[in-house]
Amino acid sequence: MGTGREASVSLDGVRDKNVMQLKKLNTVLFPVRYNDKYYADAIASGEFTKLAYYGDICVGAIACRLEKKEGGAMRVYIMTLGVLAPYRGIGIGSKLLNHVLDICTKQNISEIYLHVQTNNEDAIKFYKKFGFEITDTIQDYYINIEPRDCYVVTKSFAQSEASK
């Protein structure tokens, strides 16, 4: 992409009108197909799901689901985070993840987590840069891709005194 890498990166919410952008990205980025519940959860999460645009081209996305833990605390599950290959390494994935982490802090979310295929060293290294840790391994998590095992990668947030 040469010297034109300075184009602005902007984030936009996912809604019924543009959910096809997310579907197209997922088809290219991930080896699995996502069902209607995935897209409904993504839209329902509001600010926790974003499309990333490089100039006016949709090049990446983060899609999350909000979950209630026992005791009522909220946590966020990152269903997917991906950036098209030609646009990697210029901070788009970091911008998407930082957006979600900032909201987690502001809304007193207790933790954020995701599943990462055990051989996806780039993703593991990426999340560790943001303070995530491998907290579990699940055997045979994936059905149609190898390796079938995944790590659970988690980041916990200190709860403010006001929310306790």
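Residues numbered from 1 in each chain as written. Predicted model: local features only at pLDDT ≥ 70, side-chain atom pairs only at ≥ 80, totals over all residues. Heavy atoms only, no water.

Student: A description of the pattern of salt bridges should follow, citing residues and the corresponding values.
Tutor: This model, assessed by the stated rule, comprises eight salt bridges. Ionic pairing is found between Asp41 and Lys37, a salt bridge with its closest N-O pair at 2.8 Å. Here Asp41 pairs with Lys37, and both are found in helix α2 (residues 36–44), just four residues apart, close to one helical turn. Its salt-bridge partner being Arg75, residue Glu67 comes within 2.9 Å of it at the nearest N-O pair. Judged by its relative accessible area of 14%, Glu67 falls in the buried class. A residue is classified by how much of its surface remains accessible, and Arg75, at 23% relative accessible area, is partly exposed. Salt bridges sharing partners connect three or more residues here, namely Arg65, Glu67, Lys69, Arg75 and Glu111. (Salt bridge = Lys/Arg side-chain N within 4 Å of Asp/Glu carboxyl O. Helix = DSSP H or I, 4+ residues; strand = E, 2+ residues; numbered from the N terminus. Buried < 20%, exposed > 50% of the residue type's maximum accessible area, 1.4 Å probe, protein only.)

Student: Got a sec to walk through the packing of helix α1 (residues 19–29) against α2? Specific residues and values, please.
Tutor: Relative orientation of the contacting elements α1 and α2 amounts to 125 degrees, with a least axis distance of 11 Å. With respect to α2, the axis of α1 lies oblique. α1 and α2 meet at a crossing whose hand is right-handed. Residue-level contacts link Val19, Leu22, Lys23 and Asn26 of α1 to Tyr38, Tyr39, Ala42 and Ile43 of α2. (Axes fitted to C-alpha atoms, helices over the stretch in contact; angles between N-to-C directions. Parallel < 35°, antiparallel > 145°, perpendicular 65-115°, else oblique. Left-handed = near helix turned anticlockwise from the far one by under 90°. Contact = heavy atoms within 4.5 Å.)

Student: Kindly report on the nonpolar core, identifying the contributing residues and their values.
Tutor: Counting 49 residues, the largest nonpolar core has Leu22, Ile78, Leu97, Ile112, Tyr127 and Phe132 as its most contacted members. With seven residues, helix α3 (residues 92–106) is the single largest residue contributor to this core. (Core = buried A, V, L, I, M, F, W, Y, C linked by side-chain atoms within 4.5 Å.)

Student: An account of α1 is needed here, citing residue identities and associated values.
Tutor: Within the span of α1, buried status applies to Val19, Leu22, Leu25, Asn26 and Leu29. The buried residues of α1 all sit within an arc of 120 degrees when viewed along its axis, so they share a single face. Those residues of α1 that are exposed and angled more than 90 degrees off the buried face are Lys24 and Val28. Where α1 is buried, its residues contact α2, β2 (50–54), β3 (57–68) and β4 (74–83). (Arc of directions from axis to C-beta.)

Student: Lay out the side chain of Lys50 in plain terms, naming residues and giving numbers.
Tutor: By the secondary structure assignment, Lys50 is in strand β2. At a separation of 3.2 Å, a polar atom in the side chain of Lys50 contacts the side chain of Glu47. In contact with Lys50, other than residues within four places in its own chain, are Leu11, Asp12, Gly13, Val14, Gly60, Ala61, Ile62, Leu96 and His99. (Polar contact = N/O pair within 3.5 Å; in protein donor to acceptor, adjacent residues only side chain to side chain.)

That's the geometry; what it means functionally is another story.
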